[in-house]
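Overview (structure and organization)
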Amino acid sequence: MQKNTIMKYIFYFLGTVLLLGQEKPKPEATEYWEPEPVVVTPAQDNLPPSDAIVLFDGSDLSKWRNARGGGEASWIINDNGSMTVTRNGGIETIDEHGSIQLHIEWRTPTKMEGKGQGRGNSGIIFQRRYEVQILDSYNNRTYSNGQAASIYKQYAPLVNASKPPGEWQTYDIIFTEPEFDKIGIMTKRGRFTVFHNGILVQNNVEILGTTEYIGMPKIGKNEISGYMGKNTKKNLYIQDHGNPVEFRNIWMRKL
Ligand code: MG
């Protein structure tokens, strides 16, 4: 045998010994067991998940107040477990909120009145700054970034998943709050993911700032938006836009 060939065999032999000496990787090496996820009972039969904070279950408005004056929330509670927007101004939760998952059911009036932004308009405004639009967008054209499930004047929904007026619709929304530095400058944008009637319509979009009717979004923590009055608090707010929209089964989970 040639010297080169002998050297080659010795090399292979040593390599094999080295490989055999190594421990084989085990499946357990890439598992972790702690912490264990908390057990939560999922929503069923119109009951929220076991770790949800119920904001409205049809019985009363004790979690809410008038958003204008801070007095009692005086929207009408109906026998069917819903409440209806009345012309007393919007309502807001008594508690402020951070990043949350929100479930809310709503329906616009069967009797169609008005058109465009005037038909079945309301809205859910997170932290009194960022609106997910509620509108009768079933055969009712308006600007795309102002129709139902839009992030108002920022993002149109990916599709129009609207049901006809008079039918109950659902929003399941993941809101990640923006972050600000000590002097109130935004350091990280907030985000929205929205499912409308179970269909993804906003896919983790970056909130550009307050959702203004006129003008550009405001990004400073202490800048006052149209929805806020003199309030810079972070309450969840439902809009009174003059249309008798109904709501039911509202709950959230803190994230
Ligand atoms: Mg609105």
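Quick caveat, the model's predicted, so the values are computed rather than measured.

What to know about the domain arrangement of the protein
Looking at the protein, the domain boundaries give domain 1 (1-37) and domain 2 (40-254). Taking the mean C-alpha position of each, domain 1 and domain 2 sit 58 Å from one another.

Here's the deal with the pattern of salt bridges
Counted by the stated rule, this structure contains 10 salt bridges. Note that R128 and E92 form a salt bridge whose closest N and O atoms lie 2.5 Å from each other. Taken as a pair, R128 in the loop between β7 (122-126) and β8 (130-134) and E92 in strand β5 (residues 91-96) lie far apart in primary sequence, 36 residues in all. Here the two residues R128 and E92 agree in accessibility, since each one is buried. For the salt bridge of K234 with E177, the shortest nitrogen-to-oxygen distance reads 3.1 Å. Note that K234 is positioned in the loop between β13 (199-206) and β14 (235-238) and E177 in the loop between β9 (169-176) and β10 (179-180), a separation of 57 residues in sequence. Taking relative accessible area as the criterion, K234 reaches 28% and is therefore assigned partly exposed.

Focus: the side chain of Q117
Within the secondary structure, Q117 sits in the loop between β6 (100-107) and β7. A relative accessible area of 17% means that Q117 is categorised as buried. Apart from the residues within four sequence positions on either side, Q117 is in contact with Q133, L135, T142, Y143, G146, Y152 and H241.

Each value, and the rule that gives it
Each chain carries its own residue numbering, running from 1 in the direction its sequence is written. Whole-chain, interface and lining totals are the exception, using all residues; otherwise, since this is a predicted model, local features are given only for residues with pLDDT of at least 70 and side-chain atom pairs are given and counted only at 80 or more. With hydrogens and water set aside, each side-chain value is computed from the structure's full complement of heavy atoms. Residue ranges assigned to each domain were obtained from an automatic or database domain assignment. Any Lys or Arg side-chain nitrogen found within 4 Å of a carboxyl oxygen on Asp or Glu counts as a salt bridge. Strands here are runs of E lasting at least two residues and helices are runs of H or I lasting at least four, both read from the DSSP assignment and numbered beginning at the N terminus. Three exposure classes are used, based on accessible area relative to the maximum for each residue type with a 1.4 Å probe and protein chains only: buried under 20%, partly exposed in between, and exposed over 50%. Contacts are assigned to residue pairs with any non-hydrogen atoms lying within 4.5 Å of each other.

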